[in-house]
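This is what each chain is made of:
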Amino acid sequence: MRIINPVTSSIARETSLNAYLRYILALPGTKAMCREGGCGSCIVTVRARRQTSNVVETFSVNSCMVLVFSCHGWKITTIEGLGNRRDGYCDIQKRVVAFNATQCGYCTPGWVMHLNSLKDKNLTMAELERSMGSNTCRCTGFRPILDTFKSYAVDASPQFCQRVKDIEELNLCCKSKVDHESKSSSKCIDSDCRNIDNVSKVRAEDTIAIDFGKCKFFKVFDVDEIFEAWYNNGVDSYMLIDGNTAKGIYETFEYPKVLIDISDVKSLKTYYFDQNLILGANISLEDCIKIFVDTSISNSDSFGYLAEFASHFELVAHIPIRKIASLAGNLMTKHAIRQFQSDVFVLFEAVGATITVRHVNGIENTLTMIEFLEYDMKGVLIMKIELPPLSSSHKFRSYKIMPRNENALAIVNAAFMMELKHDTVTNVSIVYGNISEEFVHAKKTETFLKGTNIFNNSKLQAAIKILNEEIEPQDEPPKASPECRKKLAIGLFYKFILNISPSWCTSSCVLSGGAIIDRPISSGTQDFQIDKSLFPLNQPVPKYEGIIQSSGEAQYANDIPPMPNEVFGAFVLSTIHSGRVDKIDTAEVLELEGVVAVYTPKDIPGKNSFIFPGIQLQKEDEEILASSDIKFYGQPVAIVVAESEELAARIAKKVKVTYKDVSTAVPVLTIDQAKRDSKRYKVSDVSIKPKGKGLNVKHVIKGVYEIPAQYHYYMEPISCVVVPVEKGLEVYDSTQWIDLTQNAIARSLCINESQVLVKLRRIGGGFGGKISRNAQAATACALVAKKLDRPCRFILPLQTNLTIAGARCPCLCDYEVGVDSNGKIQYLNATIVEDYGCSLNDDILEYTVGGFSNCYNIDYFSLKTASVLTDSSSKTFMRAPGTFEGMASIEHIMEHIAYALGKDPTEVRLANMRTEDNDLPKLIEVLKKEANYGNRVSSIKHFNETNRWKKKSIKISVMSFPVIYYGNYSAMVTIYRGDGTVTVTTGGIEMGQGANTKAAQVCAYELGIPLKYISILPHYSFTAANNVFSGSSIVSECVCYSIIQACKTLKERLEPIKMKLEKPTWEELIAKAGEEQVDLTAFYMMTDKEKDLDSYSAFAVAMLEVELDVLTGRYEILRVDILEDVGLSANPNIDVGQVEGAFVQGLGYFTCEKIVYDKHTGKLLTNRSLNYHVPLALDIPVDFRVKLRYNSKNPKGVLGSKAVGEMATTTAHIITHALRECIYESRKESGCDPTEWINIDVPYDTESILKALDVKLEEMVLTH
């Protein structure tokens, strides 16, 4: 045994590989966000020997999950090791840029590293698409990332092959070829750690024991060493580690005293056959897939069912998790958390698998899966799992219904095994997950089925009735409701029967219900015009930061290199929704090693507020730390300061806070609740007043439309670094509003604004969420730095970020509308109420009114507005704030009118459109023709008539987005006399929208010089002083306007010099100007009072086709066509990316992003990547087509362009209209009233859809 004593080391036992890379090795290219293996931003590539196959393999892992002390024997490559500005960039990095696969860029290194682990595995396009569930992108809409991955496929299409050829001809700073294998940024910290290439020559190693004083870490290589560690250290507080992925399941995770890494115990990772398949308990889930596939082919007679196992295992988490997550680890998580919906357990139990365990005393026991759940596993090791052979008379199917198409826990998972003899059931196993802690088998249904012929209506109905009686799901928010899970469980059983039933006894119209919707390989087109005479304007050049984002060299706030003596801050959050803080007990935590300080409101020397009332859209102070009344569950009440990020976050949850005057009332969390309290209800004077009323009222339609909140889910968490320097503070903040950060810090510390210098290069996504909400962390970080006179980092853990940093405002629209027989509105009375959370800041009602108008004649519209206060965090701006909710509301009303009258919704919209400033009628006709709308409508009608359990729909949505110039944006342009190159710095924050790229293009265009001459500098508070926030989609236009004006000034200064010289080159002109001491720096700040800038409308039309599985409530978006008018695009590549990303973000809002609170405490329950579900790569439209309108130039904008960042989001409500039509098609066949308009909860997730479908159990038959 090798004993290492690192008590004096600065590396804690709990240090993750991610923290080690970033804070010890100072390799910031590897990012972090969720820290639970869900987002993929932390992925690195590992090369190591796989014990199961005994092959050295390259694979990816989540560095946030893996402990650095578990990396023994690994060769780890980070993004820095693939390519960089010094050595040149690798092929993957260049393809990411060329495919336009990056926007904010924060997630890009994780994508690159994951692709690096896959590119040489000879995968098909389909296999590569299914490999992408490990990573999240909130900006791009995934389409260009999918294309980048598929370009490495063995069956890549000719289109991709040509694009790759074109990329190879580009020069993206490739100074030398990078040897991927030799570029290793980091190896194991153990000095005895060997290069992986030599592992095969090394004998089995002795146990490595590391004594940390109060805790220990063991790395073992043999089963007996596990028991030796237990014998010597006891079994009261230990954990076996093989990947450490179970950490991601727990909301709060604490390591025990003894950690034993068993990942290199070879005997636990091998498999063999007797009559059974014997799997070593620690075989990884990913290795199991290969074993299952190979065995199902080589021994199909006995183990053909393993093909189904393999398909199901591919739905478990994602590849980087499955590569290091073991069977035993998954099962032990189920053992510890009974409500955990383990897919491994469900499948193994359905086929009668057994588990062999070994005790400390050497005795081995064989257990059934059910017995295992009740078994005391303290000091007991799972040795192996045995899977039995099943004959061809056994029919096995398994299902996993998730909130999205990949990387999610099951809403319900199920496995069915039925043995048949002449269509008679001789044996059956019906196993469900996520019903309740106790429920595993549908025992009564199993008993009934034995000896019956299930393939007739009467027996099937009897079985379904019994199943309905015995399934009683537990209510466990934020999980789907018991009613939903029950419907789903029964629907899956019926789907299983349909799937295995002989065709002769099944009606053709129900057969398709037996299959899940099969997603084909995705595709997309991007169609736009360019005018080469305008280049570099209108040129689809790669994104300015693309290559440094794909190489990890792009710097974000928390990428500032580690500094001596730095500390980390974390918020302590309240555990009540209403009351007052009585006492914060700091004594206990201050005694803990590594804890530096705890700060409370009394430590704030200035104003306890992170808001500056009076500046744009800010009305009232909001406390940095709650000093009096608690306004919501999770409000920050104190700050913990510690020597590491992980320690600060962990200790913040341990601080003891007592409260007084605690309210016993339930929290007010909805608009309906708040409306009952006059103190919470605030009437606004923002409205639409009617000019008259029509006289031809033939129909009156009333309704209520309610849409919920949406979390931004930016990939870069709110982060701030503050460094005390000389007489002030240097602040690196992830903000969309430098000015607010600066004045909030100064005000809270009672110092001058001039003593606060804010600098940032870019942010990793914002979507409005970093306009004001980030200032809370920034002021807290500055407080720590000022108090301690030490650099401080403040990075919000995801749970904290979701809890305190706001979201899109929930919205409620009550309406009554009178129309004529054609659906033309004669009067419309509506009231929209927005939920602002606990403060009135970030007011958006004016935008809501603008969105409600959309493209319509509003002469007969009456719209009143109001806001309410609730017991939740203050809501904030979210992509197209207000406009989004207003437009969704009026489009819902248009759909309701069309349905009530039996009219085509598009015709109803056209009947109500304004005639002036409206290009939509033309755009609708163009899109209908190009998208073959008429033929598709006919095809869908036939499909619906011939399929009971699958339904399709196609819909059209329209958008007229009001663009208003708001605020002020600075630009400073400097020309350097030595070589004529140019730098630009602006007040418009780069957050993925391409503002820097367009700024460089416009500057080059205005000065008439090559684009390569332009460099974009960071944003500074002293060059963009007093600028407004970056938002409202106008940032690129506004900074470009300021650049144009600054360039005009420079050209005026240069003109006299130019006149003196005879056709000078640019370099000669600038050299002469420098010689004559001409000022070569120009500054301009545009304002919303510029005479040549005027408000305008941006137009778009979208068409969406969807297919719905009625039995599961799941769907596939088959095709989307978007035609958007962006004017004369400064960069069509960037604008297409904005359209795609915005639309997919909107799809997520309307389908899978669900915010759930505890109704009794007010706690936010969907506070993790595990239960807040944004769309992933397989959730986007299968066929995604975007076209930028041809021959368009905006006379009111900057250089003919139109804003594009938010617009497509407001067309995404189309998915709800399409799914609603599918639901109505099914309801008609269920016997529901075809004229009844029903309220359907948003988002349209499985629960909402199944509730709306309202399928009766009696409908589940084989023959009609």
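Remember, it's a predicted structure, so these values are computed and weren't measured experimentally. (Residues numbered from 1 in each chain as written. Predicted model: local features only at pLDDT ≥ 70, side-chain atom pairs only at ≥ 80, totals over all residues. Heavy atoms only, no water.)

Section: the overall build of the protein
Tallying secondary structure elements over the protein gives 36 helices and 42 strands in all. Rg of the C-alpha trace for the protein: 31 Å, near the compact-globule value of 33 Å for 1264 residues, within the 12% margin. Taking the principal axes of its C-alpha atoms as reference, the protein extends roughly 95 × 80 × 70 Å. The buried share among the 1264 residues of the protein stands at 65%. Contacts in the protein between residues far apart in sequence, at least 24 positions, make up 78% of those at least 6 positions apart. Once the 140 positive and 153 negative side-chain charges of the protein are each reduced to a mean point, those two points are 1 Å apart. (Helix = DSSP H or I, 4+ residues; strand = E, 2+ residues; numbered from the N terminus. Rg over C-alpha atoms; globule rule 2.2 N^0.38 Å. Buried < 20%, exposed > 50% of the residue type's maximum accessible area, 1.4 Å probe, protein only. Contact = heavy atoms within 4.5 Å. Lys, Arg positive; Asp, Glu negative; His and termini not counted. Charge placed at Lys NZ, Arg CZ, Asp CG, Glu CD.)

Quick notes on the pairing of strand β23 (residues 636–642)
Along β23, 7 of the 7 residues are buried, which leaves the element largely enclosed by surrounding structure. Bridge count for strand β19 (residues 567–573) against β23 is 6 bridges, and the pairing is antiparallel. Paired with Phe571 across the strands is Ile639, a residue of β23. Sheet topology places strand β21 (residues 595–599) next to β23; 4 bridges connect them, and they run antiparallel. Within β23, the residue paired with Tyr599 across the bridge is Ile639. (Pairing = 2+ DSSP bridges.)

Notes on the packing of aromatic side chains
A complete count under the given rule lists 47 aromatic pairs for this structure. For the ring pair Phe59 and Trp74, a centre distance of 6.3 Å and an interplane angle of 85 degrees mean the geometry is edge-to-face. Of this pair, Phe59 sits in strand β3 (residues 55–62) while Trp74 sits in the loop between β3 and β4 (75–77); the two residues are 15 residues apart in sequence, bridging distant segments of the chain. Classification of Trp74 as buried rests on a relative accessible area of 14%. Ring-pair connections join several aromatic residues into one group, and the members of that group are Tyr271, Phe273, Phe292, Phe303, Tyr305, Phe309, Phe313, Phe348 and Phe396. (Phe/Tyr/Trp six-rings, centres within 6.5 Å; stacked < 30°, edge-to-face > 60°.)

Here we look at the sheet that holds strand β41 (residues 1114–1124)
Within a sheet, each strand pairs with its neighbour through backbone hydrogen bonds, oriented either parallel or antiparallel. Spatial ordering of the open sheet is given by β18-β42-β41-β40-β34, a layout of 5 strands whose pairing is mixed. Taken across any chain shown, the strands that pair with only one partner, and hence form the sheet edges, are β18 (523–527) and β34 (950–963). Between one strand and the next, the sheet's axes are offset by a mean angle of 15 degrees, whatever the strand orientation. Sheet topology places β18 next to strand β42 (residues 1183–1188); 5 bridges connect them, and they run parallel. The residue of β42 that forms the bridge with Thr525 is Arg1185. (Axes fitted to C-alpha atoms, helices over the stretch in contact; angles between N-to-C directions.)

Considerations on the sheet that holds strand β24 (residues 656–660)
Overall, antiparallel pairing links the 3 strands, which are arranged β22-β20-β24 in an open sheet. Strand pairing shows two members of the sheet lacking a second neighbour, β22 (629–630) and β24, which therefore form its edges.

Digging into unusual backbone geometry
In this model, Phe535 is joined to Pro536 through a cis peptide bond whose omega is 10 degrees. Omega for the peptide link from Val1242 to Pro1243 comes to 5 degrees, which places this bond in the cis form. Counting through the fold element by element, Pro1243 comes out in the loop between α35 (1214–1229) and α36 (1246–1253). Backbone geometry at Glu726 places phi at a positive 50 degrees, although glycine is not the residue there. Assignment of secondary structure puts Glu726 in the loop between β27 (719–725) and β28 (728–733). With relative accessibility at 85%, the residue Glu726 sits in the exposed group.

What to know about the pattern of salt bridges
In this structure the tally under the stated criterion is 81 salt bridges. Asp87 serves as the salt-bridge partner of Arg86, at 2.9 Å between the closest nitrogen and oxygen. According to the relative accessible area criterion, Arg86 is exposed, its value standing at 63%. In this structure, Glu1225 engages Lys1228 in a salt bridge whose closest nitrogen and oxygen atoms are separated by 3.3 Å. (Salt bridge = Lys/Arg side-chain N within 4 Å of Asp/Glu carboxyl O.)

Quick look at the state of the cysteines
Taken as a whole and assessed by the stated rule, the structure comprises 0 disulfides. We note that Cys137 lacks a disulfide partner, and the nearest cysteine sulfur, in Cys107, lies 3.9 Å from it. Of the cysteine sulfurs around Cys139, a residue in no disulfide, the closest is that of Cys104, at 3.7 Å. Assessed through its relative accessible area of 4%, Cys139 is described here as buried. (Disulfide = S-S within 2.5 Å.)

What about the side chain of Thr876?
Take Thr876: it is sitting in the loop between β33 (861–868) and α27 (883–901). A polar contact is formed between the side chain of Thr876 and the side chain of Asp842, at a distance of 2.5 Å. Ignoring anything within four residues of it in the chain, the contact list for Thr876 reads His712, Gly768, Gly769, Ser772, Arg773, Ala805, Gly806, Ala807, Arg808, Cys809 and Asp842. (Polar contact = N/O pair within 3.5 Å; in protein donor to acceptor, adjacent residues only side chain to side chain.)

Some points on the nonpolar core
Ranked by internal contacts, the top residues of the largest apolar core, which has 286 residues, are Tyr432, Phe493 and Phe852. The greatest single-element share of this core, amounting to 12 residues, is contributed by helix α32 (residues 1035–1060). Once residues within four sequence positions are removed from consideration, Phe852 is found in contact with Ile688, Cys813, Leu828, Ala830, Ile832, Phe861, Leu863, Gly886, Met887, Ser889, Ile890 and Ile893. Counting residues in hydrophobic clusters, the runner-up holds 50 residues, among them Leu285, Phe292, Val351 and Ile355. (Core = buried A, V, L, I, M, F, W, Y, C linked by side-chain atoms within 4.5 Å.)

Observations regarding the pairing of β28
In regular strands, side chains alternate between the two faces of the sheet. The element β28 is largely enclosed, with a buried count of 5 among its 6 residues. Sheet topology note: the β27/β28 ladder contains 6 bridges and is antiparallel. Residue pairing across strands places Pro724 opposite Leu729, the latter belonging to β28. Between β27 and β28, which pair antiparallel one after the other, the connecting turn spans 2 residues, and Glu726 there sits at a positive phi close to 50 degrees.

A closer look at helix α33 (residues 1066–1075)
Of the residues making up α33, those classed as buried are Trp1066, Leu1069, Ile1070, Ala1073 and Gly1074. Across the axial projection of α33, the buried residues extend over an arc of 130 degrees, all falling on one side. (Arc of directions from axis to C-beta.)

With respect to the side chain of Asn1171
Mapped onto the elements of the fold, Asn1171 is located in the loop between α34 (1132–1151) and β42. Excluding residues that lie within four positions of it along the chain, Asn1171 makes contacts with Pro478, Leu1165 and Thr1166.

Describing helix α6 (residues 158–168)
Each turn of an α-helix holds 3.6 residues, which means side chains three or four residues apart point in the same direction. Among the residues of α6, those classed as buried are Phe160, Val164 and Ile167. Axial view of α6: buried residues confined to an arc of 60 degrees, hence all on one face. Taken together, the buried residues of α6 touch α2 (91–98), α4 (125–129) and α5 (143–150).

Focus: the environment of Asn434
Structurally, Asn434 is set in the loop between β17 (424–433) and α15 (443–449). The spacing of Asn434 and Ala489 is 55 residues in sequence and 9.7 Å in space, taken between C-alpha atoms. Aside from chain neighbours lying at most four places away, what touches Asn434 is Gln339, Gln341, Ala410, Ile411, Val412, Asn413, Lys479 and Arg485. Polar contacts involving the side chain of Asn434 include one to the side chain of Lys479, which spans 2.6 Å.

Details of the environment of Phe309
Relative to the assigned elements, Phe309 resides in helix α10 (residues 306–313). Classification of Phe309 by relative accessible area gives buried; the value is 0%. Once residues within four sequence positions are removed from consideration, Phe309 is found in contact with Phe292, Leu347, Phe348, Val351, Leu387 and Phe396.

Things to note about the packing of α27 against α35
Interaxial distance between α27 and α35 falls to 11 Å at its minimum, and their mutual angle equals 30 degrees. Our classification of the angle between α27 and α35 gives roughly parallel. Taken as a pair, α27 and α35 cross one another with a handedness that is right-handed. Counting all contacts with α27, which are made through Glu891, His892, Glu895 and Tyr899, the residues of α35 involved are His1217, Arg1220 and Tyr1224. Of the residues assigned to the contact of α27 with α35, the class counts are 2 nonpolar, 2 polar and 3 charged. (Parallel < 35°, antiparallel > 145°, perpendicular 65-115°, else oblique. Left-handed = near helix turned anticlockwise from the far one by under 90°. Nonpolar A, V, L, I, M, F, W, Y, C, P; charged D, E, K, R; others polar.)

A look at the packing of α32 against α33
Where α32 contacts α33, the two axes come as close as 10 Å, and the packing angle between them is 105 degrees. By the criterion of interaxial angle, the relationship of α32 to α33 is roughly perpendicular. Side by side, α32 and α33 meet where Leu1054, Ile1057 and Lys1058 of the first sit next to Trp1066, Leu1069, Ile1070, Lys1072 and Ala1073 of the second. Partitioned by chemical class, the residues of the contact of α32 with α33 number 6 nonpolar, no polar and 2 charged.

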